[in-house]
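A closer look at the structure
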Amino acid sequence: DQQVKQNSPSLSVQEGRISILNCDYTNSMFDYFLWYKKYPAEGPTFLISISSIKDKNEDGRFTVFLNKSAKHLSLHIVPSQPGDSAVYFCAASARGSNYKLTFGKGTLLTVNP
Amino acid sequence: EAQVTQNPRYLITVTGKKLTVTCSQNMNHEYMSWYRQDPGLGLRQIYYSMNVEVTDKGDVPEGYKVSRKEKRNFPLILESPSPNQTSLYFCASRNRLAGSNEQFFGPGTRLTVL
């Protein structure tokens, strides 16, 4: 039972354009959502997060949108840069779950120069 | 530099030979956790620890043990490794009082059990 789903295993975009990575969840108890970026041979690094009381959070080139009614969130990267090429994981946590993060399978983003 | 370190980074072993993967953090975090990453499955939690001497099972604890005798260290122990434990392992930590739910991850340990 996969509670966090990233249905696109890969995404390829041109440098300077927008990258949109999508994530769906099924557990209505999730109240916090995070995006992590992972380069090969490194651990995941935190990128941006959003609480369920918000519908948008922005940090520089990165914006996360949350649609609670659709149980959907997305990460927008504008403009995309070649250094953004990595695997992006969507993760969620629920209050009372002892800080456990439930991860999606990840989306490999390739930004072409 | 604030970080989570893991050792070894790469390990090839044989079935049944006990091994320990060490994890250490220098951020004085109360919470630590172990995950494994497998192709097509994302990261899954193995064990976690809320503080010293407090540990509990995650989603996939079978075949693993942990201990938390000191705040900074959280070793993962495989008493009798089997080939299905071949995986990429990540240790993570967080400040329990932090509002962002962010966990800091180590660089990973790639384990192969023959």
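To be clear, the structure that these remarks concern was listed above.
About the criteria used
- Residues numbered from 1 in each chain as written.
- Chains lettered and ligands numbered in written order.
- Predicted model: local features only at pLDDT ≥ 70, side-chain atom pairs only at ≥ 80, totals over all residues.
- Heavy atoms only, no water.
- Helix = DSSP H or I, 4+ residues; strand = E, 2+ residues; numbered from the N terminus.
- Rg over C-alpha atoms; globule rule 2.2 N^0.38 Å.
- Buried < 20%, exposed > 50% of the residue type's maximum accessible area, 1.4 Å probe, protein only.
- Contact = heavy atoms within 4.5 Å.
- Areas by Shrake-Rupley, 256 points an atom, 1.4 Å probe, with all protein chains shown as cover.
- Lys, Arg positive; Asp, Glu negative; His and termini not counted.
- Charge placed at Lys NZ, Arg CZ, Asp CG, Glu CD.
- Pairing = 2+ DSSP bridges.

Each helix and strand counted, chain A has zero helices and eleven strands in total. Taken over the C-alpha trace, chain A has a radius of gyration of 13 Å; the compact-globule value for 113 residues is 13 Å, and the two agree within 12%. In chain A, buried positions account for 46% of the 113 residues. Partitioning the intrachain contacts of chain A with sequence separation of at least 6 by distance along the chain shows that 54% fall at a separation of at least 24. A total of about 5400 Å² of accessible surface is found on chain A, and carbon and sulfur atoms cover 49% of it. Side-chain charges in chain A split into 12 positive and 9 negative, and the spacing between the mean points of these groups amounts to 5 Å.

All names here are of chain B. If you walk across this open sheet you meet the four strands as β1-β3-β8-β7, and the pairing is antiparallel. Only two strands of the sheet have a single partner each, and these edge strands are β1 (4–7) and β7 (65–66). Two elements, β1 and strand β3 (residues 19–25), share four bridges in a ladder whose sense is antiparallel. Bridging across to β3, threonine 5 finds its partner in serine 24.

On to the pairing of strand β3 (residues 19–25) of chain A, then. On a regular strand, one side chain projects to one face of the sheet and the next to the other, so that they alternate. Residue and element names in this part refer to chain A. Every second residue of β3 is oriented toward a common face, the buried set being Ser19, Leu21, Cys23 and Tyr25 and the non-buried set Ile20, Asn22 and Asp24. In this structure, strand β1 (residues 4–5) lies alongside β3, joined through two bridges in antiparallel fashion. Considered in β3, the bridge of lysine 5 is made with aspartate 24. By the bridge criterion, six bridges tie β3 to strand β8 (residues 72–77) in an arrangement that is antiparallel. Bridge pairing in β8 links leucine 21 to leucine 75.

Moving on, we come to unusual backbone geometry. Valine 78 of chain A connects to proline 79 of chain A through a cis peptide bond whose omega is -10 degrees. Along the chain, the position of proline 79 of chain A falls in the loop between β8 and β9 (86–94). Of the consecutive residues asparagine 7 of chain B and proline 8 of chain B, the connecting peptide bond is found in the cis state with omega at -5 degrees. You can see proline 8 of chain B is positioned in the loop between β1 and β2 (10–13). Positive phi, normally seen in glycine, also occurs at alanine 41 of chain A, with a value near 65 degrees. Secondary-structure assignment places alanine 41 of chain A in the loop between β4 (30–38) and β5 (45–51).

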